Each structure stands twice: as structure tokens, then as C-alpha cells.
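Below are the chains, spelled out letter by letter.
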Amino acid sequence: MTLPYMDPAWYASDGPLQTRIDTHRRYSRLQEPWADWLLSLVTIDPRAAVLDAGCGAGAILLPAARLAPLGRVVGIDQSHPMLDRCRADARDARLRVHLARGDVQRLPFANACFDLVMMNHMLYHVPDIPAALAEAWRTLRPGGVVLA
């Protein structure tokens, strides 16, 4: 699947996105890992259904999976190489996650099926941000949280 707004060269490898990740790690002023800080903003039940829309290599998805070991933790991303890295890292860490390639503007999930929907470090890739956010809200259960 190729989306009309995505330049295939952007996601042909994980290199360009990894450069952004490495730059953030090198120059960040946070005293704790970014994912730990971000996930400290929400309460994640061990049985929660969690979606990381734009999960990349799993920098936030995998720590979330540790917090919801009895739940359903799902990642969706445009990049095959990033999903491959996420899959390998999840396997190495023995974390159960479900991964799919897809478009955050048209999430392939039922209404009200997630307790937490995360969309971090990815909205700048999306041409129609309101559509992506509407999809996040559509898939969110009542009382759930969108973390973007």
C-alpha cells in the first residue's frame, strides 16, 4: 500500500527516522527516558487496550506494552522497516504486541475499542491532522485518553 501523500523514500529504511530519534536522545534535557515521562502522564491498567498510531520502532509502544501485559497493545505505522524493528525488539523483550501497516487517517479498528490512543512524534507526517485526531477519538472508549 502506498499512500498518495507519502514519499516512499522517507520510509524505505529506518535511517531518516532513526536520525531524528538519535538527535532527540543526544540533545534532550529530560532527566528520564522520554517514553517513561510521557507514560507517567496517564494511568494504564494492566488489562488496557492501547493503540500507538504512528508507533515507528516502538519507542513508546513497547514501554506501554510493559504496563499493559494482560491487555491488547497495538501499533500501526506507515513504515515497513520501522515495524520490522518494532517486531524484533518486542520479540527480544518478550512483549506481546500486534503490529500493522496503515494510515492513521483511516484506522482499521472498530469504534470505541481502545482505552488509550497515542499519537506522538508523528502528526507532522499527516496531511489531514483533524482526520487523524477524529479517528483517534472514534476508536477511543468512553472515559479513555488520547495522548498526542
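What you are looking at is a predicted structure, and each value in this text was computed from that prediction instead of being measured.

Participant: What's the story with the sheet that holds strand E5 (residues 140-147) in this structure? I'm lost.
Facilitator: Hydrogen bonding along the main chain pairs the strands of a sheet, whether they run parallel or antiparallel. Read across the open sheet, the five strands follow the order E3-E2-E1-E4-E5; overall the sheet is parallel. The open sheet has two edge strands with one neighbour each: strand E3 (98-101) and E5. Between one strand axis and the next, the sheet turns by 20 degrees as a mean value, whatever way the strands run. Summarising the sheet, strand E1 (residues 49-53) and strand E4 (residues 114-118) pair through three bridges and their orientation is parallel. Within E4, the residue paired with Asp52 across the bridge is Met118. The sheet contacts of helix H5 (residues 129-139) involve E1, E4 and E5, and relative to E5 the element is tilted by about 140 degrees.

Participant: Quick question: what am I supposed to make of unusual backbone geometry here?
Facilitator: In terms of backbone geometry, most residues other than glycine have negative phi values and most peptide bonds are trans. For Arg94, which is not glycine, the phi dihedral falls at a positive 60 degrees. Secondary-structure assignment places Arg94 in the loop between helix H4 (80-93) and E3. For Ala112, which is not glycine, the phi torsion reads 50 degrees and is therefore positive. Looking at the secondary structure, you find Ala112 in the loop between E3 and E4. Look at Ala112 and you get partly exposed, because its relative accessible area is 36%.

Participant: Quick question: what am I supposed to make of the nonpolar core here?
Facilitator: Side chains of nonpolar character tend, in soluble globular proteins, to be buried together. In terms of nonpolar packing, the biggest core is built from 24 residues, with Ile44, Val50, Val97 and Met118 touching the most fellow members. Every element with two or more residues in this core is listed here: helix H2 (34-39), helix H3 (61-67), H4 and E4. Apart from the residues lying within four places of it in its own chain, the contact partners of Val50 are Ile44, Ala64, Ala68, Arg72, Val73, Val74, Phe114, Leu116 and Met118. Leu51, Ile76, Val104 and Leu140 belong to the second largest nonpolar core, which has 19 residues in total.

Participant: Any chance you could explain the side chain of Asp52 here in plain terms?
Facilitator: Checked against the element boundaries, Asp52 lands in strand E1. For the buried residue Asp52, which engages in no salt bridge, the nearest side chain bearing the opposite charge is Arg66, 11 Å off. A distance of 3.3 Å separates a polar side-chain atom of Asp52 from the backbone nitrogen of Leu61. Non-local contacts of Asp52, meaning those with residues more than four positions away in its chain, are made with Ile60, Leu61, Val74, Gly75, Ile76 and Met118.

Cut-off values and rules
Residues numbered from 1 in each chain as written. Predicted model: local features only at pLDDT ≥ 70, side-chain atom pairs only at ≥ 80, totals over all residues. Heavy atoms only, no water. Pairing = 2+ DSSP bridges. Helix = DSSP H or I, 4+ residues; strand = E, 2+ residues; numbered from the N terminus. Axes fitted to C-alpha atoms, helices over the stretch in contact; angles between N-to-C directions. Contact = heavy atoms within 4.5 Å. Buried < 20%, exposed > 50% of the residue type's maximum accessible area, 1.4 Å probe, protein only. Core = buried A, V, L, I, M, F, W, Y, C linked by side-chain atoms within 4.5 Å. Lys, Arg positive; Asp, Glu negative; His and termini not counted. Salt bridge = Lys/Arg side-chain N within 4 Å of Asp/Glu carboxyl O. Polar contact = N/O pair within 3.5 Å; in protein donor to acceptor, adjacent residues only side chain to side chain.

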